[in-house]
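# Geometric and topological summary
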Amino acid sequence: NIMKIKDIIIGVLASKLTLYILLLSWVGVIVCSNFFLPPSDDGRTYFEPALAFLYGKVQWGVFIGDDFDPHFIGFPTFSFAQYVFLFFTSLLKVPITLYTNKMFHMILIFSLILLTVHLLYLYLYRLNNSDYLVKSNLFLVLLGITPFAQQCWQVRPEVFGDVLIVTSLIFFCYWKLSSNK
């Protein structure tokens, strides 16, 4: 009887339908979090420079009252990437509001999840001929109870860096696949 329950659990975890439901639930969480969570205080550190780039007032720092405090300790890569996103959304006439200011970050979170599932597919299935569905579904379930799920909503550059790392690992897997042929 326990073996039957185990087979049912593994059957559910090995299902593509479960993968799609878990991905869809992450989309729902990302969209709803945009409406329910308040902006983080890191917005002035990362979002304000992106706005400065967008409006041609390139200053790396923040205003404290009437005084400008330059920041020389942070790299502007994340703010510049956010500026590029804001530039293209401004071409599409998408206004910057309380709900759209985190759109770039929300897209990054979902991209990170999709790219990681694709990385698992490439590494486990294409390179090692292993089952990737069970591991991908377990990854999505366990990701929901990790500190990442609680801390990723703050607009900070960590998710952007993770996307770049996972993308480079995907390129490495494709290179490995092409060199194996």
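These numbers come from a predicted model, not from an experiment. (Residues numbered from 1 in each chain as written. Predicted model: local features only at pLDDT ≥ 70, side-chain atom pairs only at ≥ 80, totals over all residues. Heavy atoms only, no water.)

Turning to a nonpolar patch on the surface, a few remarks are in order. On the surface, a cluster of nonpolar side chains totalling about 560 Å² of accessible area is made up of Val 31, Phe 35, Phe 36, Leu 98 and Tyr 99. If you trace the backbone, Phe 36 turns up in helix 2 (residues 16-36). (Patch = residues over 30% accessible without salt bridge, like charges linked within 9 Å, V, L, I, M, F, W, Y side chains within 5 Å. Areas by Shrake-Rupley, 256 points an atom, 1.4 Å probe, with all protein chains shown as cover. Salt bridge = Lys/Arg side-chain N within 4 Å of Asp/Glu carboxyl O. Helix = DSSP H or I, 4+ residues; strand = E, 2+ residues; numbered from the N terminus.)

With that settled, the discussion passes to the confidence of the model for the chain. The pLDDT averaged across the chain works out to 86; a share of 97% of its residues lies at or above 70. The spread of mean pLDDT over the elements of the chain runs between strand 1 (residues 61-64), the lowest at 72, and helix 8 (residues 158-180), the highest at 92. (pLDDT = per-residue confidence, 0-100.)

This part covers the nonpolar core. In terms of nonpolar packing, the biggest core is built from 34 residues, with Ile 109 and Leu 140 touching the most fellow members. Of all the secondary structure elements, the ones that give two or more residues to this core are helix 2, helix 4 (77-91), helix 5 (103-127), helix 6 (133-143) and helix 8. Of the residues forming this core, the biggest block, ten residues, is contributed by helix 5. Excluding residues within four positions of it along the chain, Leu 140 makes contact with Leu 19, Leu 22, Leu 23, Trp 26, Ile 113 and Val 117. (Core = buried A, V, L, I, M, F, W, Y, C linked by side-chain atoms within 4.5 Å. Buried < 20%, exposed > 50% of the residue type's maximum accessible area, 1.4 Å probe, protein only. Contact = heavy atoms within 4.5 Å.)

What follows covers the side chain of Thr 89. Considering the arrangement of structural elements, one finds Thr 89 in helix 4. A residue is classified by how much of its surface remains accessible, and Thr 89, at 10% relative accessible area, is buried. Here the side chain of Thr 89 touches Leu 86 through a polar contact of 2.9 Å, landing on its backbone oxygen. Leaving out residues up to four positions away in the same chain, Thr 89 has contacts with Val 94 and Met 103. (Polar contact = N/O pair within 3.5 Å; in protein donor to acceptor, adjacent residues only side chain to side chain.)

The tally for this structure, following the rule as stated, stands at 15 aromatic pairs. Taken together, a centroid distance of 6.0 Å and an interplanar angle of 40° make the contact between Phe 78 and Phe 104 tilted. Taken together, the positions of Phe 78 in helix 4 and Phe 104 in helix 5 put the pair 26 residues apart, joining distant regions of the chain. Taking relative accessible area as the criterion, Phe 104 reaches 10% and is therefore assigned buried. Arranged with centres 5.6 Å apart and planes meeting at 35°, the rings of Phe 172 and Trp 175 form a pair that is tilted. Of this pair, Phe 172 and Trp 175 both sit in helix 8, separated by three residues, roughly a single helical turn. Residue classification places Phe 172 among the partly exposed positions, given a relative accessible area of 43%. Within the aromatic cluster, the residues linked to one another by ring pairs are Tyr 46, Phe 78, Phe 85, Phe 104 and Phe 160. (Phe/Tyr/Trp six-rings, centres within 6.5 Å; stacked < 30°, edge-to-face > 60°.)

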